[in-house]
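Now for the letters of each chain:
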Protein chains: 2
Amino acid sequence: MPEVVFRFEDGRTIQTSAAKGSSLLETARNANVVIDAPCSGNGACGKCRVKLAAGALPSKKTLHITEEEFEQGWRLACISSVEENIEVEVPDVASAFKKRMKIANLDSKEETAIFEEAKREIEGTGIHMKNAMELLSVDMKAPSLDDTMPDNERLERAVKQMTGASDVRMSYAVLKKLPVVLRECEFRVQCVAERVGEDVFIYDILPKAGENIIGGLAVDIGTTSVVALLIDLATGKILSKASAGNGQIRYGADVINRIIESAKEGGLKRLQDAIVMETINPLILEICRDANLAPECIYRICVAANTTMNHLFAGICADYLRQEPYIPAFFKTHSILASDIGIRIHPDAPVVFAPNVGSYVGGDITAGTLVSLLWNRPEFSLFMDLGTNGELVFGNSDFMMCCACSAGPAFEGGDISCGMRATDGAIEACEISAEDMEPHVRVIGDAGQKPVGICGSGIIDTISELFRTGMINPKGKFVREGKRIRHDEHGMGSYVLAYQEEAAGNKDIEITEVDIDNFIRAKGAIFSAVRIMLNSIDFDITMIDKVYVAGGIGSGINMKNAIRIGMFPDIEIEKFHYIGNSSLTGAYAMLMSTEAERKIYDLAGNMTYLELSAIPAYMDEFVACCFLPHTDAELFPSVV
Amino acid sequence: MPEVVFRFEDGRTIQTSAAKGSSLLETARNANVVIDAPCSGNGACGKCRVKLAAGALPSKKTLHITEEEFEQGWRLACISSVEENIEVEVPDVASAFKKRMKIANLDSKEETAIFEEAKREIEGTGIHMKNAMELLSVDMKAPSLDDTMPDNERLERAVKQMTGASDVRMSYAVLKKLPVVLRECEFRVQCVAERVGEDVFIYDILPKAGENIIGGLAVDIGTTSVVALLIDLATGKILSKASAGNGQIRYGADVINRIIESAKEGGLKRLQDAIVMETINPLILEICRDANLAPECIYRICVAANTTMNHLFAGICADYLRQEPYIPAFFKTHSILASDIGIRIHPDAPVVFAPNVGSYVGGDITAGTLVSLLWNRPEFSLFMDLGTNGELVFGNSDFMMCCACSAGPAFEGGDISCGMRATDGAIEACEISAEDMEPHVRVIGDAGQKPVGICGSGIIDTISELFRTGMINPKGKFVREGKRIRHDEHGMGSYVLAYQEEAAGNKDIEITEVDIDNFIRAKGAIFSAVRIMLNSIDFDITMIDKVYVAGGIGSGINMKNAIRIGMFPDIEIEKFHYIGNSSLTGAYAMLMSTEAERKIYDLAGNMTYLELSAIPAYMDEFVACCFLPHTDAELFPSVV
């Protein structure tokens, strides 16, 4: 069998062997080499570029690789076939997905403020922000020949006396360490305990000496990105935060491709490993190192994720989500412990999910809905979570309706040639002069930060400005010429936002007609969903009192520009609020408070789910929305 | 490092390397080679014989190996040191411990009858012989676009409707298989469920088509032997039974040596592996093959074992059992699932222990006490469990007192040169003619079965007959000469029960003065415990109304002979009842019935534990009991 060597920019190599004729992308996947393949390997997206360094690698022709690049060795892994021993370089380009990246540490107070504000706001609705975990200091009398009660009963008796619990239970892990810990600590210990109704459950027993922390983890598992927040469950203090790309990305950019992959032989395990072993466990190590806490000291994990992510994370067959009648295995569940699915925190830590509402409206949206507080107001609000799965909720304190659409990863910088997430180096805002067509960009980061790529909010601005200045037409095609406008050999136009010498990387940062087209389809998916949902209950856009925008699109989002390109309904700017990653904030609230957790279950139970794919008008509306701003200009009076 | 090859009689070899100078026994243990070492490797018992086949193996001199045998290559592994590459043969002699052996299959109806009779008797006391496990047939409506309830809620709803349960819970394993099983079975399934108060817990979900069985396992973990019984929890039917030697035997014959070994670096894991991985898991495979049931279909395991065995089985530090004030980690616990400790049955199967009463009175005795029914009678009964750990209970329906003593493995054939358990080939009874000193033996097995060794009941008979015929004196030394009486070079006497040509093996079956001495110490330990316990409450032997004898000594036990050697109190023969392995029978009852389980907890709570080692008179009494029948002949009027 031919040998394949993958070489990374940092010098690491991974060597594997492959059956003759097998695809290079498959070979990479089997060897756990992460190569972007948002389109799941059908040659469409052009992301899986590698460079041949030795040997011959036959490959189909593609528009994504120029003749010159082909000569230099560039190939798309998905359409290349391994025929002999080869060595390929895996480029480490500025990519939203390539490797784990910290979006933000808690070095800024603003980060913490988001959660504290959310906590205060939720508290304002009457929800008590208190969870059931406690750190109990337990002093026992040491046993003697006259008092020979066994260790477990001794502890149980002491905890009962202390808490008034009618029953005290403990896990095997506690029983196992009990005899040694009790004697090392001279029968003065701390218990990590949870009140469960009248009972107390002991998760852990620790020496009284140290400063013991009951860690809790909130995780937002997005299709594209994953963010984790570590808190102290006893005090509510935020300890650390970290994020990473979802390791499943190499199996496809959207949930449908992931489900298809998971239904293949061994696929469910591969997809679960990609999120648990490759993404979340390393993230936990990172976040714990940051906070100086042992991962075993995390006793609860709350997950907010869409239904597919929930299932794949839990290692539960997701295939029926995409088969009529689209039935999930669970909306909510309390059957899962961390050790069941290989999450490396305390083995008995419960895995709690923000509940799903349907196959395509998941816990990310129910968690976000809690945070939006739309359920607590008489006014009609629209909540939009702009992820790879776009999800919407419309309603007020009387009713809620929700739906989901597949937007693709464009909002988070995916499917965009120079796209990236809203982190240091991302162009988050852009103005273009109508006269000289020169851009003026704002880059996330310290002063002097050179641009690396462009995030969602920057893409909105750029497209909006190109449209406003007449450089592109409503179909997103370039219709003016200029210094910064280029056309490749196939005639495809692009606009250079930053030349190589101005940028941090070694290439121009540009936006192409393909990028614009991808983004228009993403915004079209969202806006058509808004229209169909409102129509279905005889509401129209003017009846919306508030719009909450959530997601990784970036806090720099310019609502006016988003309206101009027809992404958001054309109502007063003041009605829009960007609330950041509300899925994570919701998971945080759920972790912090038993009542908030119960409230989310209530909310989920009260949401009416609208299956867009069952509505024939949706496809027509979507097509009509794939224009700037829309084929029906009357919907956007302020733009016209 | 020198290489060591162990070669077995069946041709298998195990190769390992050892640090120069390390003991051959240690080397064998590290390589998981089972070599008997009841004395835990101090050269005392002479059981760890191996034969050198290649290389040189320096070894200390020992009485256990003659000059001639040494020349032939025989060595004791424990006192031999590995200095160079060697190959040794591990003999496969008829031994009580060498390898797993079936004591009895369920080919005889008698086997089953024991358990059915116990069940009837316990039922006679008003205990309902019914457990909380149920096989529920659940038919659900298949989901549709109009009925999109997720799978877990669909099942929960159906089970609630069916059972009236207020809450239905399921394990992760059930949730994981749920979507696939439901659809494969068209939403008609069977659930393995347990009623827990008002709730129902679902352990498993199975296709409705097959004949599904809820397996339950009762296990008696003796220090020397392990016996397992498989039943159908729904019907109570006994499916299969199997037994094996306790794999921990290579770490010492008694509980103290095992505890010492377990306290060494990595020792707890080694001891746990020896019982779980090497003994019980293979036993489960065997018993399941026999019953044609998958091990995953066993949903509950009840264990009756002494306190040390309980702890080591559960992988919980046992070291404090032998340190004052002798405190166990638990008497009873519901914290342990099969998967916690590596038992390969259904991972969520609870591991239920017959409760311990003290560090040296364990679940074997509480389980046995239930079966003896002494707690249900006004008469005073004595219950004696003759294991390696001898345990006693005395009392009636008003009070119970218990104690334990270390008898060693002699009752089960251990520490006896030709000893074996009460299985095919064992001499179970013996008469010796006073005139010609010729023996007449009875051998367990089919007609014509040649003797392989001698079990506990046979040893009692032989010693009793040697004593009655004046061949040995009250100290157990040979005082007559005869054809079958031999003396070795050191003058140690022995009596040949069967010559090589009459026996199944290739050596004479004899009983030596060392054997007799070992057995006298075992019976002395038991009888002195009886005396001290009765004395402590001002009872004497004549006040005993009934004696229940349990243990692996063999159903052929001759009570008259046992009295003659001073093992049992000298009261009317009619008062004695051999009740076999009451520990296993008790575990069976506990498995069969929730009420029986509760009753055993009650019994344990009502037993007064007498710590013999805290009573100075015990040692004197023990010494006085190490005679035939006793130094105080008045205690045995019928013998004199």
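As shown above, the structure is provided for reference.
Residues numbered from 1 in each chain as written. Chains lettered and ligands numbered in written order. Predicted model: local features only at pLDDT ≥ 70, side-chain atom pairs only at ≥ 80, totals over all residues. Heavy atoms only, no water.

**Student:** I keep staring at the interface of chain B and chain A and nothing clicks. Help me out?
**Tutor:** In many reports, interface size means the accessible area that the parts give up when they come together. Between chain B and chain A, the contact holds 39 residues from the first and 39 residues from the second. In this assembly, chain B packs against chain A so that about 3,100 Å² is buried in total across both faces, 65% of it on carbon and sulfur atoms. It is Tyr172(B), Tyr320(B) and Ile327(B) in chain B that bury the most area against chain A; as a group they hold 20% of the surface buried on that side. Along the contact surface separating chain B from chain A lie zero salt bridges. The interface formed by chain B and chain A includes 16 residue pairs in polar contact (both at pLDDT 80 or more). At the level of secondary structure, the elements contributing two or more residues to the side of chain B that touches chain A comprise helix H4 (151–163), helix H5 (172–184) and helix H7 (267–291) of chain B. For the side of chain B that touches chain A, the element with the most residues is H5(B), which contributes six residues. Looking at the side of chain B that touches chain A residue by residue, the class counts come to 23 nonpolar, eight polar and eight charged. (Contact = heavy atoms within 4.5 Å. Buried area = accessible area lost by both parts, 1.4 Å probe. Salt bridge = Lys/Arg side-chain N within 4 Å of Asp/Glu carboxyl O. Polar contact = N/O pair within 3.5 Å; in protein donor to acceptor, adjacent residues only side chain to side chain. Helix = DSSP H or I, 4+ residues; strand = E, 2+ residues; numbered from the N terminus. Nonpolar A, V, L, I, M, F, W, Y, C, P; charged D, E, K, R; others polar.)

**Student:** Can you walk me through the packing of helix H12 (residues 513–536) of chain A against helix H16 (residues 617–625) of chain A in this structure?
**Tutor:** The relative placement of two packed helices comes down to the angle between their axes together with the axis-to-axis distance. Residue and element names in this part refer to chain A. At a closest axis distance of 8 Å, the pairing of H12 and H16 adopts a crossing angle of 130°. Viewed along their axes, H12 and H16 adopt a mutual orientation that is oblique. Remark: the crossing between H12 and H16 carries right-handed chirality. In this structure, H12 contributes Arg521, Lys523, Gly524, Ala525, Phe527, Ser528, Ala529, Arg531 and Ile532 to the contact, and H16 contributes Ala617, Tyr618, Glu621, Phe622 and Cys625. Its residues placed into classes, the contact of H12 with H16 shows eight nonpolar, two polar and four charged. (Axes fitted to C-alpha atoms, helices over the stretch in contact; angles between N-to-C directions. Parallel < 35°, antiparallel > 145°, perpendicular 65-115°, else oblique. Left-handed = near helix turned anticlockwise from the far one by under 90°.)

**Student:** I tried to follow the pairing of strand S23 (residues 509–512) of chain A on my own but got confused; where do I start?
**Tutor:** Where a strand is regular, its side chains alternate between the two sheet faces. All names here are of chain A. By the alternation rule, side chains of S23 split into Ile509 and Ile511 and Glu510 and Thr512, which are all buried. Taken together, the four bridges between strand S22 (residues 493–498) and S23 define a ladder with antiparallel strand orientation. Bridge pairing in S23 links serine 494 to threonine 512. (Buried < 20%, exposed > 50% of the residue type's maximum accessible area, 1.4 Å probe, protein only. Pairing = 2+ DSSP bridges.)

**Student:** Teacher, can you tell me more about the relation of the copies chain B and chain A here?
**Tutor:** Related by rotation about an axis and a shift along that axis, the two copies of the chain form a pair. Taken as rigid bodies, chain B and chain A are interconverted by a rotation of 180° and an axial shift of 0.1 Å, the fit giving an RMSD of 0.2 Å. The superposition of one copy onto the other is thereby described by a two-fold rotation axis. Most of the interface of chain B is mirrored in chain A: 100% of its interface residues are interface residues there too. (Least-squares fit on C-alpha atoms with pLDDT ≥ 70 in both.)

**Student:** Please clarify how the nonpolar core should be interpreted in this entry.
**Tutor:** It is characteristic of soluble globular proteins that their nonpolar side chains tend to be buried jointly. Counting residues in hydrophobic clusters, the biggest one holds 118 residues, and the most contacted among them are Ile221(A), Phe313(A), Ile343(A), Leu155(B) and Val189(B). With ten residues, the top contributor of residues to this core is helix H7 (residues 267–291) of chain A. Residues within four places of Leu155(B) in sequence aside, it is in contact with Val138(B), Met140(B), Met170(B), Leu178(B), Val189(B), Cys191(B), Ile202(B) and Ile205(B). Counting residues in hydrophobic clusters, the runner-up holds 117 residues, among them Tyr251(B), Cys302(B), Ile316(B) and Phe330(B). (Core = buried A, V, L, I, M, F, W, Y, C linked by side-chain atoms within 4.5 Å.)

**Student:** It is not clear to me how the environment of Leu386(B) should be interpreted in this structure. Could you clarify?
**Tutor:** Here Leu386(B) lies in strand S15 (residues 381–386). Considered as a pair, Leu386(B) and Asn356(B) are 30 residues apart in the sequence and their alpha carbons are 17 Å apart.

**Student:** Before we go on, may I ask you to explain helix H8 (residues 307–314) of chain B in this structure?
**Tutor:** Along an α-helix, residues three or four positions apart point the same way, because every turn accommodates 3.6 residues. Residues and elements named next belong to chain B. Burial analysis of H8 places eight of its eight residues in the buried class, which makes it a mostly covered element. Listed as buried for H8 are Thr307, Thr308, Met309, Asn310, His311, Leu312, Phe313 and Ala314. For H8, the N-terminal capping position is held by asparagine 306, with its side-chain oxygen 3.1 Å away from the main-chain nitrogen of threonine 308. Glycine 315 sits one or two positions beyond H8 and adopts a positive phi of about 70°.

**Student:** What's the story with the pattern of salt bridges in this structure? I'm lost.
**Tutor:** Residue and element names in this part refer to chain A. The full count for this structure, using the stated rule, is 54 salt bridges over all chains. Its salt-bridge partner being lysine 177, residue aspartate 204 comes within 2.7 Å of it at the nearest N-O pair. In this pair, aspartate 204 is assigned in strand S9 (residues 199–207) and lysine 177 in helix H5 (residues 172–184), connecting sequence segments 27 residues apart. For lysine 177, a relative accessible area of 28% translates into the label partly exposed. A cluster of three or more residues bridged by salt bridges with shared partners is formed by Glu438, Lys483, Arg484 and Glu502.

**Student:** For this particular structure, what's the right way to read the packing of aromatic side chains?
**Tutor:** Aromatic ring pairs are defined here through the distance separating the ring centres and the angle between the ring planes. This structure, assessed with the given rule, holds 28 aromatic pairs over all chains. Judged by centre distance (6.0 Å) and plane angle (75°), the ring pair of Phe313(A) and Phe353(A) falls under edge-to-face. Note that Phe313(A) is positioned in helix H8 (residues 307–314) and Phe353(A) in strand S14 (residues 351–353), a separation of 40 residues in sequence. The class for Phe313(A) is buried, based on a relative accessible area of 0%. With a centroid separation of 6.0 Å and an interplanar angle of 20°, the aromatic rings of Phe380(B) and Phe394(B) are classed as stacked. A residue pair is termed long-range when its members are at least 10 positions apart, and Phe380(B) in the loop between helix H9 (363–372) and S15 and Phe394(B) in strand S16 (residues 389–395) qualify at 14 residues. (Phe/Tyr/Trp six-rings, centres within 6.5 Å; stacked < 30°, edge-to-face > 60°.)

**Student:** In this structure, what is going on with the pairing of strand S10 (residues 215–221) of chain B? I would like to understand it.
**Tutor:** Residues and elements named next belong to chain B. Counting buried residues in S10 gives seven out of seven residues, a clear majority hidden from the surface. A two-sided burial pattern is seen for S10, the buried positions comprising Gly215, Leu217, Val219 and Ile221 on one face and Gly216, Ala218 and Asp220 on the other. Two elements, S10 and strand S11 (residues 225–232), share seven bridges in a ladder whose sense is antiparallel. Considered in S11, the bridge of glycine 216 is made with isoleucine 231.

**Student:** What's the story with the sheet that holds strand S1 (residues 3–8) of chain B in this structure? I'm lost.
**Tutor:** Residue and element names in this part refer to chain B. The strand order across the open sheet formed by five strands is S2-S1-S5-S3-S4, and the pairing between neighbours is mixed. Edge strands, defined here as strands with exactly one partner in the open sheet, are strand S2 (13–17) and strand S4 (74–76). Each adjacent strand pair in this sheet contributes to an overall mean axis angle of 35°, direction not counted. With three bridges joining them, strand S3 (residues 49–54) and S4 adopt antiparallel strand pairing. By the bridge assignment, lysine 51 is partnered in S4 with tryptophan 74.

**Student:** How should I be thinking about the sheet that holds strand S21 (residues 485–487) of chain B in this particular structure?
**Tutor:** Across a sheet, strands are paired by hydrogen bonds formed along the backbone, either parallel or antiparallel in direction. All names here are of chain B. Read across the sheet, three strands follow the order S21-S22-S23 without closing on themselves; strand pairing throughout is antiparallel. For this open sheet the edge positions go to S21 and strand S23 (509–512), each flanked by a neighbour on one side alone. Looking at each pair of strands side by side, their axes are set apart by 35° on average, direction ignored. Relative to the sheet, helix H10 (residues 456–468) contacts strand S22 (493–498) and S23, its axis offset from that of S23 by approximately 60°.

**Student:** Help me understand the side chain of Asn561(A), please; the structure alone is not making it clear to me.
**Tutor:** All names here are of chain A. With respect to the secondary-structure elements, asparagine 561 resides in helix H13 (residues 559–564). Side-chain polar atoms of asparagine 561 contact the side chain of aspartate 461, separated by 2.9 Å. In terms of polar contacts, asparagine 561 uses its side chain to reach the side chain of arginine 564, at 3.0 Å. The residues contacting asparagine 561, other than those within four sequence positions of it, are Ile460, Asp461, Ser464 and Glu465.

**Student:** Help me understand unusual backbone geometry in this model?
**Tutor:** Excluding glycine, a negative phi dihedral is what most residues carry, and trans is how most peptide bonds are arranged. Residue and element names in this part refer to chain B. The linkage connecting glutamate 324 with the following residue, proline 325, adopts the cis geometry, with an omega of 5°. Checked against the element boundaries, proline 325 lands in the loop between H8 and strand S14 (351–353). Residues other than glycine seldom take positive phi values, yet asparagine 292 does so here, at roughly 55°. The residue asparagine 292 is located in the loop between H7 and strand S13 (298–305) in this model.

**Student:** Sorry, what's going on with the environment of Gly358(B) here?
**Tutor:** Residue and element names in this part refer to chain B. Inspection of the secondary structure puts glycine 358 in the loop between S14 and H9. Once the C-alpha coordinates of glycine 358 and asparagine 376 are considered, the two residues, 18 residues apart in sequence, prove to be 22 Å apart. In this structure glycine 358 touches Thr307, Pro328, Phe331 and Tyr609, once residues within four positions along its chain are discounted.

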